[in-house]
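A structural walkthrough
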Protein chains: 2
Amino acid sequence: MKAYALLGGPQQLWPPKIEALFAKAQADKQLLVGVDRGLLYLTEMGLSPDVGVGDFDSLTPRELGKLEKSVPDLRYSNPVKDLTDSELMLRLVFQDYGVDQVYLFGATGGRLDHFLVNLFMLLKPAVRQFAPRVIMIDQQNRFEFFLPGRHQVAAQPHYKYFAVAALTGVHDLNIGAARYNLQHFSAAGPQIFSSNEFRQGSSCFRLSFAKGLVAVIFSKDLAKFAPLNSHQKKAGS
Amino acid sequence: MKAYALLGGPQQLWPPKIEALFAKAQADKQLLVGVDRGLLYLTEMGLSPDVGVGDFDSLTPRELGKLEKSVPDLRYSNPVKDLTDSELMLRLVFQDYGVDQVYLFGATGGRLDHFLVNLFMLLKPAVRQFAPRVIMIDQQNRFEFFLPGRHQVAAQPHYKYFAVAALTGVHDLNIGAARYNLQHFSAAGPQIFSSNEFRQGSSCFRLSFAKGLVAVIFSKDLAKFAPLNSHQKKAGS
């Protein structure tokens, strides 16, 4: 079973057709999870989330009452505790529900402290083991996470670029069979190699490293950025 | 002298009134810098940037010809080289122009690999020394950066929350005189403590650490997130 989790990040950054995606996941009997405001969004899409996590302190008693009736597994987080809502959710879906993989939506953008919370939680000792089974998706980006070893990273349709980001110190990082390769790179702290591309005709690249946690960030430019507003229109005149 | 630099990130994430802000900076004889598409944006605002940095490979020959005539100091970056455009820009403004501080706009959002490039560059040995003189601003966030030592961090008007993010391993991190304090925290990798607040009536908090690079992220929720679209409107019904 897979989990599809919606967090409280800005709706503007959701990938297109997210409602259809969650509806299909529900039809396929996958686990639907809402974190904080993300739980509300799911019910407002007409879906029936299986699990909700959050402190829900921004909701009215009426909103909360509805959720308590309709969500089978509602977990209240303690805002003062060490565990963030996202972290609590990850432990829950992997440990209590035993899912194979979780797709995180609404985890980026807006307040960037929230984004960094979601990114850095994967480095914590209790969460790190789950990182390779987490995929974070927004309108322009897809994050996959890797533990030390040798990996073949598959190209993702519609994403032109990829970056390799060591989120902590890294030892003997290698990128092979890509447009820009890298050999035996080590660093004491985070480092990112961006704007790489798959080789023409190739459907994967090689990634290996001996120590650290590495994110591969697939990204794309938005077509609409080009003729966006009056500034840019003036540019073409 | 201060530098105001506009990078190529999404215009939607600019803070409000950015044009007036850059116009005032120019009137005050501060250094106006455009990086890549950010340089175009500045000229389209009717401003006269002093410095431009980028490979400019997305521009037409006509657009580039205009920039070459109008921008006094135009530096072409080599996309295959180790130095990113943002990093080249930082070295330039601090080393060649000797500015005291640089405000970075358009450095966040959209492609998150670009955001992480801008964040992680401050960790590089050649750039790290400049980090305390860099302030990164977008619509909802303001990043300030600190090197080891004892600091009084001043509250910023209009930002309700702050987070303390160790961007690399950190030793003996302390947060004092804040709503949530922290004592003698050490970690081998990045870690973030978010959703902290200034004490009522207090205009600063105490931050100290012995090793590492720490970002303080001031953030605010957008009022318009509450009644944003049909989903949320339905929630209130």
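Look up: the structure comes first, before these words.
Below is a short write-up of the structure. Bear in mind the structure is a predicted one, so any value in this text is a computation, not a measurement. (Residues numbered from 1 in each chain as written. Chains lettered and ligands numbered in written order. Predicted model: local features only at pLDDT ≥ 70, side-chain atom pairs only at ≥ 80, totals over all residues. Heavy atoms only, no water.)

Examining the overall build of chain A
Of regular secondary structure, chain A possesses seven helices and 14 strands. In terms of C-alpha radius of gyration, chain A reaches 19 Å, essentially the compact-globule figure of 18 Å for 237 residues. Each of the three principal axes of chain A carries a C-alpha extent, and together these read 55 × 55 × 35 Å. Looking at the 237 residues of chain A, the share that counts as buried comes to 57%. Taking the intrachain contacts of chain A between residues at least 6 apart in sequence as the baseline, contacts between residues at least 24 apart amount to 64%. Carbon together with sulfur atoms contributes 52% to the accessible area of chain A, which is approximately 10,400 Å² in total. Across chain A, 26 positive and 21 negative side-chain charges occur, with their mean positions spaced 8 Å apart. (Helix = DSSP H or I, 4+ residues; strand = E, 2+ residues; numbered from the N terminus. Rg over C-alpha atoms; globule rule 2.2 N^0.38 Å. Buried < 20%, exposed > 50% of the residue type's maximum accessible area, 1.4 Å probe, protein only. Contact = heavy atoms within 4.5 Å. Areas by Shrake-Rupley, 256 points an atom, 1.4 Å probe, with all protein chains shown as cover. Lys, Arg positive; Asp, Glu negative; His and termini not counted. Charge placed at Lys NZ, Arg CZ, Asp CG, Glu CD.)

Some points on the packing of aromatic side chains
Scanning the model with the defined rule gives 29 aromatic pairs over all chains in all. Taking the centre distance of 6.2 Å and the plane angle of 55° together, the rings of F115 of chain A and F115 of chain B count as tilted. Taken together, the positions of F115 of chain A in helix α5 (residues 112-120) and F115 of chain B in helix α5 (residues 112-120) put the pair across two chains. For F115 of chain A, a relative accessible area of 0% translates into the label buried. Geometrically, the ring pair formed by F198 of chain B and F218 of chain B is stacked, given 6.3 Å between the ring centres and 5° between the ring planes. Of this pair, F198 of chain B sits in the loop between β12 (191-196) and β13 (204-209) while F218 of chain B sits in strand β14 (residues 214-219); the two residues are 20 residues apart in sequence, bridging distant segments of the chain. Accessibility classification places F198 of chain B together with F218 of chain B in one group, the buried group. Ring pairing ties together the aromatic residues F115, F143 and F145 of chain A together with F115, F143 and F145 of chain B, which thus form one cluster. The side chain of R111 of chain A reaches across the aromatic face of Y161 of chain B, ending 4.1 Å from its centre. (Phe/Tyr/Trp six-rings, centres within 6.5 Å; stacked < 30°, edge-to-face > 60°. Lys NZ or Arg CZ within 6 Å of the ring centre and 35° of its normal.)

Details of the pattern of salt bridges
Taken as a whole, this structure holds 18 salt bridges over all chains when the rule is applied. Taking the shortest distance from any N to any O, the salt bridge between R111 of chain A and D113 of chain A comes out at 2.8 Å. With a relative accessible area of 6%, R111 of chain A lands in the buried category. Looking at D113 of chain A, the relative accessible area reads 0%, which means it is buried. With a closest N to O distance of 3.4 Å, R111 of chain A and D221 of chain B form a salt bridge. (Salt bridge = Lys/Arg side-chain N within 4 Å of Asp/Glu carboxyl O.)

Considering the interface of chain A and chain B
For interface size, the figure often reported is the accessible area lost on association. Contact residues are listed per partner, giving 54 residues for chain A and 54 residues for chain B. Summed over both sides, the interface of chain A with chain B buries roughly 4,300 Å², with 57% coming from carbon and sulfur. Viewed at the interface, chain B and chain A are joined by two salt bridges. Taken together, the links from chain A to chain B amount to 12 residue pairs in polar contact (both at pLDDT 80 or more). The leading source of residues in the side of chain A that touches chain B is α5 of chain A, at eight residues. By residue class, the composition of the side of chain A that touches chain B is 24 nonpolar, 17 polar and 13 charged. (Buried area = accessible area lost by both parts, 1.4 Å probe. Polar contact = N/O pair within 3.5 Å; in protein donor to acceptor, adjacent residues only side chain to side chain. Nonpolar A, V, L, I, M, F, W, Y, C, P; charged D, E, K, R; others polar.)

As for the nonpolar core
One finds L104 of chain A together with L104 of chain B to be the most contacted residues of the largest nonpolar core, which totals 80 residues. Listed in part, the 36 residues of the second largest apolar core include W14, I135, A166 and F205 of chain A. (Core = buried A, V, L, I, M, F, W, Y, C linked by side-chain atoms within 4.5 Å.)

Considering the sheet that holds strand β9 (residues 161-166) of chain B
Residue and element names in this part refer to chain B. Spatial ordering of the open sheet is given by β4-β3-β2-β1-β5-β6-β7-β14-β9-β12, a layout of 10 strands whose pairing is mixed. With one partner strand each, in any of the chains shown, β4 (73-76) and β12 form the two edges of the open sheet. Taken over all neighbouring pairs, the strand axes of this sheet differ in orientation by 20° on average, direction set aside. As judged from the four bridges shared by strand β5 (residues 101-105) and strand β6 (residues 134-137), these two strands associate in the parallel manner. Looking at β6, one finds that Y103 is bridged to I135. Along the sheet face, helix α2 (residues 37-44) touches β1 (2-6), β2 (31-35), β3 (51-54) and β4 and points at about 130° away from the line of β2. (Pairing = 2+ DSSP bridges. Axes fitted to C-alpha atoms, helices over the stretch in contact; angles between N-to-C directions.)

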